[in-house]
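# Reading the structure
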Amino acid sequence: DRRTPFSRRSGPKQTDEDYANDQAFKNYRRDTKQKKKGGYAAPPSAGPVVFKNKTTVTLVKKEDLGKQRADVIICSTNGSLDMSGPAGKSIVNGAGPQILTDLKANYPDGIKHGEIAIAKGYNLKCKEVYLAALPSWSPGGEKVIAESVNRSLNQAAGYKSIVFPALGTGNFRYPRDLVARTMYDCVSKFDQIKSSLKDIKFLCYDPETIRAFEQEEMSRANPGYVPLPTGGTGPFKKNNMTVKLVK
């Protein structure tokens, strides 16, 4: 089956553009019906997303990872625990060089993909740093994201707060919408166990990643809301109607 994540079939094969158009028109018609019932429809509410057992996910945008305040800060890296990327440099600059010495001493052979390495926070505004080892993107890579997030959440279950960057969306080139959905799914499952860890933040840097996480946040905070595929800006045309997104 060669369908993309956004293509659906109902009779003839549906393209990504067809699906995006359909979703745009569904949202347009829904809003139009609401307006007819009484004035302008209120836009979908944004987050934070609060799950059943009060675990809360808040989006943080365009901030320095090394300046975050939480019990635990997560940083993505590779199996060799290379800290030369933007996120790694931010952590090292904030923590001080001792964190590199500890990682080298405690993990001389690195770690496997999906595992986490644990270090003290030193001069950071956190108690511990977890390094999540990821490979470059390939189909099925979201399973490694899920494994890393699940390990981190379970390891930090005795704490109260944790900050994740949007794992793999930088140099590793993971699909942003897939990462967002996977990370929220992991927190949803974690919310079902008893834990003091209730304050979770997802940190996003670039506009495309921010948009993907905002769309996922919207869909979680507003049951029934169908977000447009990431990158779908329109205008969307169908029959004699045109829907254009205005920012």
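A brief structural summary. Throughout this document, residue positions are counted from 1 along each chain, in the order its sequence is written. With pLDDT at 70 or above as the cut-off, local features in this predicted model cover only qualifying residues; side-chain atom pairs require 80 or more to be listed or tallied, and sums for whole chains, interfaces and linings still use all residues. Neither water nor hydrogens contribute to the side-chain values; these are computed over all heavy atoms in the structure.

## Focus: the sheet that holds strand β6 (residues 161-165)
Paired strands are those between which DSSP finds at least two bridges. Working definition: helices are DSSP H or I runs of at least four residues, strands are E runs of at least two. Numbering for both runs from the N terminus. Spatial ordering of the open sheet is given by β1-β2-β7-β6-β3-β5-β4, a layout of seven strands whose pairing is mixed. Looking at strand neighbours, the two that pair on one side only are β1 (49-50) and β4 (116-120), the edges of this open sheet. The contact rule is simple, with two residues in contact once any of their heavy atoms fall within 4.5 Å. Between the N-to-C directions of two axes lies an angle of 0 to 180 degrees, each axis being a line fitted to C-alpha atoms and, for a helix, fitted only over the stretch in contact. Set on the sheet, helix α5 (residues 176-190) makes contact with β1, β2 (56-61), β6 and β7 (199-204); between it and β7 the angle comes to about 175 degrees. Where helix α6 (residues 207-221) meets the sheet, it contacts β1, β2 and β7, and its direction lies at approximately 155 degrees from that of β2.

## Brief notes about the packing of helix α4 (residues 142-155) against α5
Packing of α4 against α5 brings their axes to within 9 Å, and their N-to-C directions diverge by 35 degrees. In this structure, α4 meets α5 at a crossing whose hand is right-handed. Contacts between α4 and α5 involve E142, I145, A146, V149, N150, L153 and N154 on the former and, on the latter, L178, T182, M183, C186, V187 and F190. In terms of residue class, the contact of α4 with α5 is built from nine nonpolar, three polar and one charged. Crossings are assigned a handedness: left-handed for a near helix turned anticlockwise from the far helix by less than a right angle, right-handed for a clockwise turn. Think of it as three bins: nonpolar holds Ala, Val, Leu, Ile, Met, Phe, Trp, Tyr, Cys and Pro, charged holds Asp, Glu, Lys and Arg, and polar takes everything else, Gly as well.

## Re α6
Residue count minus one, scaled by 1.5 Å, sets the expected span of a helix. Compared with an ideal rise of 1.5 Å per residue, which puts 15 residues at 21 Å, α6 spans 20 Å between its outermost C-alpha atoms and is within 8% of the ideal. Each residue is placed in one exposure class: buried if its accessible area under a 1.4 Å probe, protein chains only, is under 20% of its type's maximum, exposed if it is over 50%, and partly exposed if it falls in between. Among the residues of α6, those classed as buried are T209, I210, R211, A212, F213, Q215, E216, E217 and S219. Buried residues along α6 sit against β1, β2, α5 and β7. At the N-terminal end of α6, a side-chain oxygen is found 3.2 Å from the backbone nitrogen of E208, two or three residues along, and the residue is D206. Pairing of N or O atoms within 3.5 Å defines a polar contact, subject to two protein rules: one partner must be a possible hydrogen donor and the other a possible acceptor, and residues neighboring in sequence count only if both atoms are side-chain atoms.

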